[in-house]
Amino acid sequence: TWSSAVPIHYSGMSPTTTFRVWGQIQVTPSGQLVAMAYAGRDNWCLVSTDRGRTWQAHLIVRTPPETDYNEMAVAIISDTDWIAIARGATRREGGSSMRQFVTRNGGLRWKDLGSTNAEWSGGYVSPAMQTVRCGGELMIVWAYMARGSRSTPPPTPNSLIVRYATADGALSSSRVWSPQQIVGQVGSFTHRSGYPSIALANDCSHGVMVAGR
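Presented here is a report on the structure given in the accompanying data block.

Conventions we followed
Residues numbered from 1 in each chain as written. Predicted model: local features only at pLDDT ≥ 70, side-chain atom pairs only at ≥ 80, totals over all residues. Heavy atoms only, no water. Pairing = 2+ DSSP bridges. Helix = DSSP H or I, 4+ residues; strand = E, 2+ residues; numbered from the N terminus. Axes fitted to C-alpha atoms, helices over the stretch in contact; angles between N-to-C directions. Phe/Tyr/Trp six-rings, centres within 6.5 Å; stacked < 30°, edge-to-face > 60°. Buried < 20%, exposed > 50% of the residue type's maximum accessible area, 1.4 Å probe, protein only. Contact = heavy atoms within 4.5 Å. Salt bridge = Lys/Arg side-chain N within 4 Å of Asp/Glu carboxyl O.

**Here's the deal with the sheet that holds strand 14 (residues 181-183)**
Thought 1: Read from one edge to the other, the open sheet built from 4 strands follows the order 11-12-13-14, with strand pairing classed as antiparallel. The open sheet has two edge strands, strand 11 (124-134) and strand 14, and neither has a second partner. Along the sheet, successive strands turn relative to each other by an average axial angle of 30°, direction set aside.
Thought 2: In this structure, strand 12 (residues 137-146) lies alongside strand 13 (residues 159-166), joined through 8 bridges in antiparallel fashion. Bridging across to strand 13, M139 finds its partner in T166.

Okay, here's the thing in structure tokens:
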């Protein structure tokens, strides 16, 4: 059973276009909730310290004219260290290469680490991330969809992709992600597929991933 819907209250921004909250809400070790959002040219993180009743917005990036950042996932390393990856389509070039950002002070300020080492192509959408501990080391799991693109096809069109990186590595560089691994079979999804959700055991032993097909 579920309660009735209650409007959320947030401060720190006044969007003039449609405000979209994106992806899975993450939780810091101290219990803060972190949600990602975008509105027009701006990407934001929303932080709540009262279980979602109120939220404080912090600007991540203001999109430059040549790039369209929108869908953005976040992985929590500690109360202060977070990693975000955004879908970033380059206007008039028909391609995208997911862009990586980090904060070392709980979302107050963000640093742009540049494009990831995922191959440049079209059709990369709907990133999702989770932090797990594998063999005693903190790891980031990153999933996204590579849709078939008519302009610049990805290497494995219509496939759900997973990559991994150590938390320490991803905090300092956007180029440390493992080679892609395909969930299921290459091409087993359709054109509008994506939007994965990840639920992995904290010890990296097992888990489940769900995506729209």
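Here the narrative resumes.
**A short note on the packing of aromatic side chains**
For any two aromatic rings, the description comes down to two numbers: the centre-to-centre distance and the angle of the planes.
Thought 1: Applying the stated criterion across every chain, the model contains 7 aromatic pairs.
Thought 2: On the basis of an interplanar angle of 90° and a centroid distance of 5.9 Å, the ring pair of Y69 and F101 is categorised as edge-to-face. Taken together, the residues span a long stretch of sequence, with Y69 in strand 6 (residues 67-76) and F101 in strand 9 (residues 99-103) at a distance of 32 residues. Taken individually, Y69 and F101 each receive the classification buried, so the pair is uniform in this respect.

**Some points on the side chain of H58**
Thought 1: In this structure, H58 sits in strand 5 (residues 54-62).
Thought 2: For H58, a relative accessible area of 14% gives the class buried.
Thought 3: Those residues within four positions of H58 in sequence are excluded, and the remaining contacts are N43, W44, C45, V47, G107 and L108.

**Looking at the pattern of salt bridges**
Thought 1: According to the stated counting rule, one finds 5 salt bridges in the structure shown.
Thought 2: As a salt-bridge pair, R62 and D42 come within 2.7 Å of each other at their nearest N and O atoms. Here R62 is found in strand 5, whereas its partner D42 is found in strand 4 (residues 42-48), with 20 residues between them in sequence.
Thought 3: Looking at R62, the relative accessible area reads 47%, which means it is partly exposed.
Thought 4: On the basis of relative accessible area, D42 is assigned to the buried category, the value being 12%.
Thought 5: R87 serves as the salt-bridge partner of E71, at 3.3 Å between the closest nitrogen and oxygen. With a gap of 16 residues between them, E71 in strand 6 and R87 in strand 7 (residues 82-90) connect regions that are remote in the sequence.
Thought 6: Taking the relative accessible area as the measure of exposure, E71 reaches 5% and is therefore buried.
Thought 7: Given a relative accessible area of 24%, R87 falls into the partly exposed group.

Note that all results are geometric; they support no functional claim without further evidence.
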